[in-house]
Amino acid sequence: MTMSERERCRNDSRVAETERRYMGEMEADKEERQLRSRIAKIFDEAKTSNATHIRKLKDLSSVLAKASSPRQFAAAFCRVLTPLFCIQRRTSSAERIVRFVSAFACARASSGCDQFLEELVQFLLVASAAANKTARFRACQMISEIIMRLPDDAEVSDDVWDDVIECMKLRVRDKVSFIRTFAVRALSRFVNDAENSDILDLLLEMLQLEQSAEVRKTILLALPPTNATSLLIIDCTLDVSEAVRKAVYSVIASKFPLKSLSIKLRTLILQRGLADRSIIVSKECLRLLRDEWFSKSCNYDPKELLKYLDVETYEFVGEAVMDALLKDGSIKLHDKQSIQEYIVSTVTENEGDPADSPPSIQLMEPESAIYWKTVCRFLQTKAQAKGSDAAVTTGTEAAMYAAEASDNNDLLDKILPATVFDYVALVRAHIDAGANYRFASRQLLLLGAMLDFSDSTSRKIAGAFLQDLLRRPLDFEIDETGIEVVIGDGLNLGGDKDWADAVTSLAKKVHVAIGEIESAVLGVVEELARPCRERTADFKQWMHCLAVTGLLLQNVKSFHLLQGQAIQPSELLQSLLLPGAKHSHLDVQRVSVRCLGLFGLLEKKPSEDVVKQLRVSFIKGPAPISTMACKALIDLVLWHGPLEVDKALRPGDASQLEQIKMAFTALNFLDADDNMDAEFLDLLYAGLDRTDWGNSVESDESEIMQAVIGEGLGKILLLSENYTSIPTSLHPLLLAKLIELYFSDETSGLQRLKQCLSVFFEHYPTLSANHKKYLSKAFIPAVRSMWPAIFGNAGGTAVVVSNLRKHATQASRFMVQMMHAPLYAVHDETENAESGTGSVENANHSSGPSLECREEGLAVRIAAELASFTGKRTAAERSYMSALCRTLVLIQFHPSEQDAIRLMRRLLNHLSANVHLEKDAMKELKLMAERLESVDSRPEEALALDQANLIFGKLELDFNLDVNVPAASCTIPQTPARPRPGRGASRSRRRAKDDEEEMSSEEESSPVSVPVAAGSSRSQRASKTAALTKMMSTANRVATARIEEDDEDEGEESEVTSQDSDDSDEEEFF
């Protein structure tokens, strides 16, 4: 065969091979199209209803079985599935397809065909990294659905799972919340694996940073029950979203048994859940309590449940739990169980008086005592409610309510002790049993309010029991050094406020006649005071006597009820309270100072002896005594007023006390004698800056002097309209001090003070327009006092200065938000009646408060503060001004305040020309100027100097607009659209300037209004009044010569010069 024949044979074979390959591809393509057609048809039928999925899964499995290879089927399957990645909305048909695909993939994996599953997962992983968010969403949705449906025995290669985990870790940080949700859901299947501990760490980290409530909820549902996760899960009971809070209680119910949680966590969960503001969340917490803890863990035994809650420590939680279960009907009450089971009578039928044979008492556990107290209180409340319903209705409905009330009363009578004698014996036995039964004794004392003391015998028995309770000495113990230490707070009867309240409630139930309870208690006081007056009592007897005296003073309504009793009020003061305040023992001084404060509240006017002793204790006493005296003095000021308290020491200087003060008097606490005549508000103001009060680190927050003074000043300012004697000039100073205290790092740990001040700041600006005026006046002093390295304030390291600036900036914006707060309607009407003055532009806005009470007044104050900075400025001053600028732009002007708008435009124009700030701040000021121009009804008119001075006078600002802000730098032309750089632009600008000079008033055409150099205006600000005219005339001549030179060179101005002129004007606002 020749060469040409061989070449021809090879070509023929190549052609034949190409034809066969082409025919094979055509056949494969045809088969793939048929395969895609069958899959698409199945998808179309599966998306119509979930009921068809089982049948269509079989059809799709048969299509897979007939396919030439699983790889070819997977390719066709993914090709058909691709349009789903473009559907953004979660329609029902699309969701059915997702569930159908996931079910088919899991079914094939279960049957051993894992190749298709791996191909599908690899396809979805590629889609999950797409740039399109819809594609990522659908891919993560199907991956999570497959993982959650996949059985545990499915055989999937580890490489595939590793790829899925790594991909989902990335998608957890996706910017789309739905994608993060499905990524978390997919990772939840692997979170329990020990080798994937990094997944748990990632979820815990994301839980604290996540902004989406749905993602936080999904993370909570995915977390395993461990010690590391329990605290974070319980912390989410304070989440802002009620759906998340509800999910927390669902997770706790399903994953955390009652015994796996500590007592503190159990009580914290129930306390937050039962008191939650959302009904849905509180119901979910009740379901957890009833269905899981009460029924499964405690077998419907309420006393057993209370044992898990440590009711002696968390009494209020135990009461809330019992109330919730009783209202829900989970606790079944019947007459077979009652308190009478603990009382075994020893009196036989032949014996006489039962008082001679006291019953035998079985002591109650704390859980039983609180259980019976809440049950009796519930029955009494329910009976009263049903009785009230019966009283307001008629007919059958009234009879039904009356029958229910009668049933509850009958059940209550069967539960309570049969007689008062038995009740007294029961309580006395628990008291005599010692400190271990103190809690049960107090619970039983509270039951006395539900007993009937109508007969004289019962009142006699109960009265004698009360006398014993009042005479019972305080419990004490001996420490390691042999010193006797009183157990309890050392202030109240029995060393416990709750115990004193329980005794008081029983006494009010027994002694119902007017003056009866005062007579009974005073008899005990007179008896206990004898050794004190004879100076033979030890400190325990002093404290006991003063505790009973405090109980009396706290509950008596007037000294009139104490007249003619065993001991008179004046005798009580001179022989007991004042000597006790001078006692050598500090605990005696403390309880005596408390009684002096209560005594002063009952006086018509505070007496000199009371106020003087309280001031001495406040200034000279140790920290606990000073704190108690401060509380007492603040209470006296709130009750009587600051003027009456100051008059008590200086009754002859009433006219001097009523003089107007402009500032607080500086005091030195080291020289205590000179401070005795100082006014009380001066003492409080100086006390905030005192650092040597001697409070220990372990002191309770309520005993820290700064917290006490701050809370007291907040109350005084909140009720300041009742104290007209406080000079109005002092309100801004007090307010600025409280704002500084609220944002100080030194008070960051005082949570009670923070809470009190937050409530104060929320209500203070809404009560009165005058409060907003004081707030506006306090703005600049507050920010000045907080900004570091200026106005005499200390600086520090870069970190310290940065934190101080941050706090000052937060305070400034916080005060602007307070100015935004609307007034209450009642005060709005009052201000409407008082507002009768103002400019013509403000006549239509007379229904609101005046300028000094509005945000516009605050804006003028800030702008005047910025304009007051002249000359070279330090870095601290520049940062201070930039912060003020950023705060200034947050204020919105009302169109009715036209005078304020024009004044602000003039001030802003001066700032743009003479105050060099950061570019961002200048840009924000420029935007504000544009907004002001848009609301200015006459932007071509300038504000007259008299009107500006009138505004400054209203705001009480010592600011000379003619000197600080020269009219030359504040000419306000119209603001047309900025022309392009060029000769025409410079001519139009010059023409507008000429028109403006022709339209200016006589005042604006004075030498001050000539656009001279900056040195001229600086000379004017620095000059004296005598040389002002001469310097103005000199500047006028220089400026006139410059203007003539500019006019001569107008024709020679080049385009480059015009461009530079345009650039220089970009920093101007108008």
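Residues numbered from 1 in each chain as written. Predicted model: local features only at pLDDT ≥ 70, side-chain atom pairs only at ≥ 80, totals over all residues. Heavy atoms only, no water.

### Digging into the pattern of salt bridges
Here is the rule: In the sections that follow, a salt bridge refers to a side-chain nitrogen of Lys or Arg positioned within 4 Å of a carboxyl oxygen of Asp or Glu. Helix and strand definitions follow DSSP, with helices as H or I runs of at least four residues and strands as E runs of at least two, each counted in order from the N terminus. Burial here depends on accessible area, computed with a 1.4 Å probe over protein chains only, as a share of the maximum for the residue type. Under 20% is buried, over 50% is exposed, and the range in between is partly exposed.
The full count for this structure, using the stated rule, is 48 salt bridges. Notably, a salt bridge pairs D328 with R290, separated by 3.3 Å at the nearest N-O pair. Note that D328 is positioned in helix α16 (residues 315–328) and R290 in helix α14 (residues 279–297), a separation of 38 residues in sequence. D328 gets classed as partly exposed once you look at its relative accessible area, which sits at 34%. Taking the relative accessible area as the measure of exposure, R290 reaches 23% and is therefore partly exposed. Through salt bridges that share partners, E315, E319, K373 and R442 make up one connected network.

### Here's the deal with the side chain of R138
Filter applied, for reference: Counted as a polar contact is a pair of N or O atoms within 3.5 Å, where, for protein atoms, one must be capable of donating a hydrogen and the other of accepting one, and residues adjacent in sequence contribute only when both atoms are in side chains. Note on definitions: a residue-residue contact is assigned when non-hydrogen atoms from the two residues lie within 4.5 Å.
Locating R138 in the fold gives a position in helix α6 (residues 133–149). When its relative accessible area of 0% is taken as the criterion, R138 is described as buried. A distance of 3.2 Å separates the side chain of R138 from the backbone oxygen of I87, its partner in a polar contact. If we skip the residues at most four places from it in the chain, R138 touches L84, F85, I87, Q88, R89, R90, A94, E95 and V98.

### A short note on the packing of aromatic side chains
Counted only if it meets this: Aromatic rings from Phe, Tyr and Trp, taking only the six-membered ring of Trp, are treated as a pair when their centres fall within 6.5 Å; an angle between ring planes under 30 degrees marks them as stacked, one over 60 as edge-to-face, and anything in between as tilted. The criterion is that NZ of a Lys, or CZ of an Arg, lies within 6 Å of the ring centre and within 35 degrees of the ring normal, and then a charge sits over that ring.
Inspection of every chain in the model, using the stated rule, returns 27 aromatic pairs. On the basis of an interplanar angle of 10° and a centroid distance of 4.2 Å, the ring pair of F664 and Y685 is categorised as stacked. Here F664, found in the loop between α30 (654–657) and α31 (680–689), pairs with Y685, found in helix α31; they are 21 residues apart in sequence, far enough to count as distant. Of the two residues examined, F664 and Y685, each falls in the buried class. Directly above the aromatic system of W499 lies the positively charged group of R438, at a separation of 4.2 Å from the ring centroid. Just above the ring of Y742 sits the side chain of K754; from NZ or CZ to the centre is 5.0 Å.

### Some details on helix α3 (residues 70–81)
Convention followed: In a helix, the anticipated span is given by 1.5 Å times the number of residues less one.
For α3, spanning 12 residues, the distance from its first C-alpha to its last is 16 Å, which sits close to the expected 16 Å at 1.5 Å a residue. Every buried residue belonging to α3 is among Q72, F73, A74, A76, F77, C78, V80 and L81, and all of these are buried.

### A closer look at the confidence of the model for the chain
Rules: pLDDT expresses how confident the predictor is about each individual residue, on a scale running from 0 to 100.
In the predicted model, the chain carries a mean pLDDT of 82, and 81% of its residues have values of at least 70. Segment residues 827–846 is flagged for pLDDT under 50; beyond a separation of four residues in sequence, or across chains, it makes 28 contacts in the model. Considering only residues more than four positions removed or in separate chains, one finds that residues 968–1070, a stretch of pLDDT under 50, has 95 contacts.

### As for the packing of helix α32 (residues 705–718) against helix α34 (residues 751–767)
Selection criterion: Note on method: axes are straight lines fitted to C-alpha atoms, helices fitted across the in-contact stretch only, with angles between N-to-C directions ranging 0 to 180 degrees. Comment on the angle field: the value is read as roughly parallel under 35 degrees, roughly antiparallel over 145, roughly perpendicular from 65 to 115, and oblique elsewhere. Helix crossings are classified by the rotation of the near helix relative to the far one: an anticlockwise turn of less than a right angle makes the crossing left-handed, while a clockwise turn makes it right-handed. For this scheme, ten residues count as nonpolar: Ala, Val, Leu, Ile, Met, Phe, Trp, Tyr, Cys and Pro. Four count as charged, namely Asp, Glu, Lys and Arg, and the remainder, Gly too, count as polar.
At a minimum axis distance of 10 Å, the contact between α32 and α34 shows a crossing angle of 15°. When the axes of α32 and α34 are compared, the pair comes out roughly parallel. At the point where α32 passes α34, the crossing takes the left-handed sense. In contact with Q706, A707, G710, E711, G714, L717 and L718 of α32, α34 contributes R752, L753, C756, L757, F760, H763, Y764 and L767. Looking at side-chain class alone, the contact of α32 with α34 contains 9 nonpolar, 4 polar and 2 charged residues.

### Quick notes on unusual backbone geometry
Most peptide bonds are trans, and most residues other than glycine sit at a negative phi. A positive phi angle, close to 60°, is found at R535, a residue other than glycine. Structurally, R535 can be placed in the loop between α23 (516–533) and α24 (539–555). Owing to a relative accessible area of 51%, R535 belongs among the exposed residues under this scheme. Residues other than glycine seldom take positive phi values, yet A789 does so here, at roughly 70°. As for its placement among the helices and strands, A789 is situated in the loop between α35 (769–786) and α36 (798–820).

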